[in-house]
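Reading the structure
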Amino acid sequence: MSESAIAAASALGSLSGAGLLGVMVLTLAGVVIHLYKKQSEIVGEKQERQLRNLEDIKQNLKENSAIQKATLDTYKENNKTMMEFIREHCKNTNDELKKANDKLDKIDDDLDALKGVGAWFKDLHNIKK
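Side chains of Asp102, Asp105, Asp108 and Asp109 sit close together on the surface and give a patch of like negative charge. As for its placement among the helices and strands, Asp108 is situated in helix H3 (residues 93-128). On the basis of relative accessible area, Asp108 is assigned to the partly exposed category, the value being 42%.

Scanning the model with the defined rule gives two salt bridges in all. Among the salt bridges present, the one from Lys69 reaches Asp73, with a minimum N-O distance of 3.3 Å. A residue pair is termed a helical-turn pair when its members lie 3 or 4 positions apart in one helix, as Lys69 and Asp73 do in helix H2 (residues 17-90) at four residues. Overall, the relative accessible area of 53% leaves Lys69 in the exposed class. Notably, a salt bridge pairs Lys106 with Asp110, separated by 3.4 Å at the nearest N-O pair. Placement of both Lys106 and Asp110 in helix H3 is noted, with a separation of four residues, approximately one turn of the helix.

What counts, and where the lines are drawn
- Residues numbered from 1 in each chain as written.
- Predicted model: local features only at pLDDT ≥ 70, side-chain atom pairs only at ≥ 80, totals over all residues.
- Heavy atoms only, no water.
- Patch = residues over 30% accessible without salt bridge, like charges linked within 9 Å, V, L, I, M, F, W, Y side chains within 5 Å.
- Areas by Shrake-Rupley, 256 points an atom, 1.4 Å probe, with all protein chains shown as cover.
- Salt bridge = Lys/Arg side-chain N within 4 Å of Asp/Glu carboxyl O.
- Lys, Arg positive; Asp, Glu negative; His and termini not counted.
- Charge placed at Lys NZ, Arg CZ, Asp CG, Glu CD.
- Helix = DSSP H or I, 4+ residues; strand = E, 2+ residues; numbered from the N terminus.
- Buried < 20%, exposed > 50% of the residue type's maximum accessible area, 1.4 Å probe, protein only.

So this is what it looks like as structure tokens:
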């Protein structure tokens, strides 16, 4: 042991109970102060990390919002284009359906006229027997 350590140990040994208690209190106070400073540093570092994380989250939210807006605009444009396509390709559909319906009505009328002919052939067939 070094001479200073021996001198410090002999000085502590010569202290009374109250003096020794005082040295212990001062030592513990020093330890508490050191631990408080360390804890403050740790809390400060955590707060800095949290602030950086909050800034990153804020930036990500801005980017997300921009992406959602662009996506919504794209959906609107696609919807508009699709409606124009449907209008363009289906604009004559009503006229064509009306023409087809008229043709079906004409065929139905022609078939009604043929019902009488069918009955006439049936009667003719019954007469031959």
